[in-house]
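# Close look at the chain arrangement
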Amino acid sequence: MATLTDPPQESFQLSMLLNDTRYRSYTFQFIALIVLIAIMAYLMSNLFANLRAAGLNISYGFLTDPAGYDINQRLIEYDSQSTHLRAALVGILNTLLVASMACVTATILGVIAGVLRLSKNWLVSKLMAFYVEAFRNVPVFIWILMIGTFVTLSGDAPKAFLGENPSREMFLGGFAFTNRGLYMPAVTAGAGAGIVVLVFLASIVAAFWWRSHVKKTLFKTGKLLPAWVFWPILIVPAILAQLVLGSPLGLIAPDTMANRFNIQGGLLLGKPLIALWLALSVYTGAFIAENVRAGIQAVNRGQTEAAASLGLRPGRIMNLVVLPQALRVIIPPLISQYLNITKNSSLAIAVGYADITATLGGITLNQTGRAIECVLLLMLFYLTISLLISAVMNVYNKSVSLKER
Amino acid sequence: MNKSVVFGALTVAGLAAGAAAAGTLDDVKARGKLNCGVSTGLVGFAAPDASGEWKGFDVAVCRAVAAAVLDDPSAVEFVPTTGKTRFTALASGEIDMLARNTTWTFSRDVDLKFEFVGVNYYDGQGFMIPKELGVSSAKELDGATVCIQTGTTTELNLADFFRANNISYEPVPIETNAEAQQQYLAGACDVYTTDASGLAATRATFENPGDHIVLPEIVSKEPLGPLVRHGDNEWGDIVRWTLNALISAEELGVTSTNVAGLGEKANPETPEINRLLGTEGNLGEMLGLDADWAKRAIAVEGNYGEIFEKNIGESTPIGLARGLNGQWKNGGLLYSPPFR
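Labelled according to an unreviewed UniProt entry, chain B appears under the name Amino acid ABC transporter substrate-binding protein, originating from Aliishimia ponticola. Word for word, the UniProt comment on chain B under Sequence similarities (unreviewed entry) is "Belongs to the bacterial solute-binding protein 3 family."

Going by what an unreviewed UniProt entry lists, chain A is known as ABC transporter permease subunit and is assigned to Aliishimia ponticola. According to the UniProt record, the Subcellular location (unreviewed entry) comment for chain A reads "Cell membrane". The UniProt entry for chain A carries the following text under Sequence similarities (unreviewed entry): "Belongs to the binding-protein-dependent transport system permease family. HisMQ subfamily."

Right, here's the structure in full:
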C-alpha cells in the first residue's frame, strides 16, 4: 500500500531570517534601517540637549520681526521696516529670476555650442571645443567673480552720463552701460494699456491657431495656405490698438538730470544680476553643450543618411530628424543641469546679488543669530524648488521619450 | 540622506560648543596656544605684515592674553574671520576669544550668548566719499549707491539713518573690506560706509588718500571690544582683566620700558601698581594665573596708549586721534575698574 505523505508544510522558522535567501536581505535592510534611525535620533537628541545647555531654542518667531536692512534688487515692495519673512521672499524671487534667466540662456548657448562642435568646419568645431573645455573646467565661483570684476572695470561710472554736459551720451537716447548695470528705458502704462495687452494676447492665440490650421489643411487637402500671415496676425492688431487708443503704452528713458549720484528711473539690469546671470549661463552652457553633442551622436548615422537621400537639406535634417530623437538622450541630464543652475545661484553674494542665501541665509541669519532655523529653511526651499523643477522636466521628458507600445 | 548629513554636521558643531563651554583656560593651557579670532585683514587693527606676522591693535589684545596665560606672546593661532563667520567660530569653540572690531550690542550679548569683556575702541559709523563729488554732509547723499560690509551692525544703522532723514540709497552688500575697497575705487559705489576707524585704515592704503574724505556725520555708537562665550566666567574674567590691565597701566604710567623695573619689588608709594604687577596681594592667583600675569601682558607691546600709538595713532598712516579713546583723566572714556 502506497502511503501518501503531504507535501512538506511551509512553516516559518526564526532561523530562516538568516539562512533563507528569500528573507536574508530583508533582515539586513531592517537592521540597517534601525541603526540609521538610532544614529539620527542620537544626533538629534544631542543637538537639542546642547542647544538647551547653551540656553538656545529653535523658534521661528524672528520671521515676523522687522528686518531692518535694505535690499538693492526687489521684485516686490520691500523696505527696511518689512519683516524678515518678506526679505526672504524678496530673496526667493531673486533666486527664481536669475535661475530661470540662466536656464534659458544656458540652454540656447548649450544647444548652439553642442551642434556647432560637431560641425565639419575645423575652426568652428575647435572653437566650440575650446569654449566647452575652458568653461566647464574652471569653478563657477571663479567665473562669477571674474565676470563681476569685468563688468565693474569695463563700464563707466554712472557719473559720466550725468548732468548738463555729460562726458558720455546714452546709446540711442535710452541705454547706458555703467559699472552698476545696464540702464534701459522702462515701459509706462497709461489708460487703456490693459486693452492693448489683451489684444496682443488674443492675437498670439489667433496666430498659433492660424499656424495649426495651415498644417491641417496641408495634410488634409495638400493645399498650402500662406504661412507667413502668422506674423501680421501676431503684430498688427496690437499696433492698431495702440494707435487707436492714443499710445497708452509708452517708453520712458532713464533720467540723467534728477540725481547727482545715479541715473534715475528707467529699468536697471543691475551689475550683480548681469554678472551672476552670465556666469551661470556660460558655465552651465558648456555642460549642456556636451549633453547635446552626446545626444546627437547617439542618433544612428543611418538616420541622417536616410534623410539626406530623401533630399532634405542639412538644417532640416537636424531639426526634423536628428534633434527630436536626440532629445530623448539630452533631456535627463539637462534636468540635472537646471538643478545645478538653481543651486549654484546661491553663490550670488560673491557679486552682491540679493538671492535667498544672501538675505535669509546671510543678513537675516547674521542679524538674528538664528543659524539653525535659517539653514533649515534654506534647505527646505532648495529642496522644494529642485523637486519642482525635476517634476516639470520629467513630464516634458515623458512627452519626448520613445512611445513604446 | 542629504538632510541627515547636515543634521550630523550641525550636531557635531553643537557637540563641540557643548564641550568647549567649560574650562577654556584649561583647554588653552593644554593646547599651549590661544586661538584668537581676528579680521581677515584691516590694516592697523589686524593684518599680517610683510613677513607674515600678524600686527595690529586687536592683535595686541590677543598677544597680551597669550602672554598672561601662556607666558608667550607668540603662542597665538590667529583665525581670520569675516563679519559672517565670526560668531559661529566663537560659539562653536573654534576660537577662544574674538578680537575683531566687533560692536557690543544688546542682542549679541544677550541673544547670541556672548560675553563682551570691555571696550578697546570707541567707534562710530562714518561715510567715505571721493572729494570730487563735492559732498560735505551725509544728508546730501540722496540717491547714492553705498557699499556696505554685510553681516555687520553698519547695515542696520545705514538703513535707520537714511530712513530717519527720508532720503534714498542703493545698498551694495559686500563680504570683505578688500572687496569693498575695490568696488569703491572702481566707482561701482559712490560711498563706502563702515566704522570711522575702519574707513581711516582703508583710506590709508589708497594710492591718493587725499582724494577721499570721511564725512563729519557719525551715525551710530560702535563700542568695539573683545568677546568670549557665555558660561565660562573664569575665562571671561581673564580676558576682561587683561584688557583692564593694559588700560590701567597707561593710567598709572606703567610702560613696556619700565614694567620690568617697577615689577621687581613692591614700592610702598604706589600700592595700585604693586597690586597690578603682582608684587603685592594675590590678584593673579584669584584669576587662576600666577602673580606676574599682568606684567607679562604689558611687556608685550606696552600699555593701551603705546599699543594705540604704535598701530593706529597719529604717527601711523592711519592717523587716528585719541578722542573718545583717551583716559578718563584726559576727557576720554577709558576707565578701568580698580585693581584691588
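Take the sheet that holds strand 10 (residues 169–174) of chain B next. Residues and elements named next belong to chain B. Within the open sheet, the five strands sit side by side as 10-9-11-8-12. Their pairing is mixed. Pairing within the sheet leaves two strands with one partner each, and these edge strands are strand 10 and strand 12 (212–214). The mean inter-strand angle of the sheet, taken between neighbouring strand axes irrespective of direction, is 25°. In the sheet, strand 9 (residues 144–149) pairs with strand 11 (residues 191–195) via three bridges, with the strands oriented parallel. Bridge pairing in strand 11 links Val146 to Val191. Where helix 7 (residues 177–185) meets the sheet, its contacts fall on strand 8 (125–130), strand 9, strand 10, strand 11 and strand 12, and the angle it forms with strand 11 comes to roughly 155°.

Our focus in this paragraph is the state of the cysteines. By definition, a disulfide links two cysteine residues through a covalent bond between their sulfur atoms. Residues and elements named next belong to chain B. With the rule as written, the count across this model stands at two disulfides over all chains. What pairs with Cys36 in a disulfide is Cys62, and their sulfur atoms sit 2.0 Å apart. Taking the sign of the S-S torsion, about -50° here, the bridge from Cys36 to Cys62 comes out left-handed. Here Cys36, found in strand 1 (residues 34–39), pairs with Cys62, found in helix 3 (residues 57–70); they are 26 residues apart in sequence, far enough to count as distant. The exposure class of Cys36 is buried, given its relative accessible area of 0%. Cys62 gets classed as buried once you look at its relative accessible area, which sits at 0%. Two residues, Cys147 and Cys189, share a disulfide whose sulfurs are 1.9 Å apart. Every disulfide takes its handedness from the sign of the S-S torsion; for Cys147 and Cys189 that torsion is -95°, giving left-handed. Taken as a pair, Cys147 in strand 9 and Cys189 in the loop between helix 7 and strand 11 lie far apart in primary sequence, 42 residues in all. Assigned by exposure class, Cys147 and Cys189 land together as buried.

Residues and elements named next belong to chain A. Here helix 6 (residues 193–221) is 29 residues long and its end C-alpha atoms lie 42 Å apart, about the 42 Å a rise of 1.5 Å per residue gives. Elements that come into contact with the buried residues of helix 6 comprise strand 3 (186–189), helix 7 (230–244) and strand 4 (249–252). Phi for Gly222, located one or two positions after helix 6, is positive at around 80°.

With that out of the way, let us pick up the pattern of salt bridges. Residue and element names in this part refer to chain A. For the structure shown, the criterion picks out 20 salt bridges over all chains. Between Arg136 and Glu133 there is a salt bridge; the shortest N-O distance is 3.4 Å. Of this pair, Arg136 and Glu133 both sit in helix 4 (residues 122–136), three residues apart, which is roughly one turn of the helix. Residues joined by salt bridges that share partners form a network here, namely Arg117, Glu133, Arg136, Glu290 and Arg293.

Residue and element names in this part refer to chain B. One can read the domain layout of chain B as domain 1 (25–120 + 225–330) and domain 2 (123–222). In this structure, domain 1 and domain 2 have C-alpha centres spaced 29 Å apart. With 16 residues of domain 1 at the contact, the number on the domain 2 side is 17 residues. Buried surface at the junction of domain 1 and domain 2, both sides included, amounts to about 1,200 Å², of which 61% is carbon and sulfur. Together, Leu42, Lys84 and Thr103 form the three largest contributors to the area buried by domain 1 at its contact with domain 2, with a combined 32%.

Conventions we followed
- Residues numbered from 1 in each chain as written.
- Chains lettered and ligands numbered in written order.
- Predicted model: local features only at pLDDT ≥ 70, side-chain atom pairs only at ≥ 80, totals over all residues.
- Heavy atoms only, no water.
- UniProt positions renumbered as here; feature names shortened; annotations may be inferred.
- Pairing = 2+ DSSP bridges.
- Helix = DSSP H or I, 4+ residues; strand = E, 2+ residues; numbered from the N terminus.
- Axes fitted to C-alpha atoms, helices over the stretch in contact; angles between N-to-C directions.
- Contact = heavy atoms within 4.5 Å.
- Disulfide = S-S within 2.5 Å.
- Buried < 20%, exposed > 50% of the residue type's maximum accessible area, 1.4 Å probe, protein only.
- Expected span 1.5 Å × (residues − 1).
- Salt bridge = Lys/Arg side-chain N within 4 Å of Asp/Glu carboxyl O.
- Domains from an automatic or database assignment.
- Buried area = accessible area lost by both parts, 1.4 Å probe.

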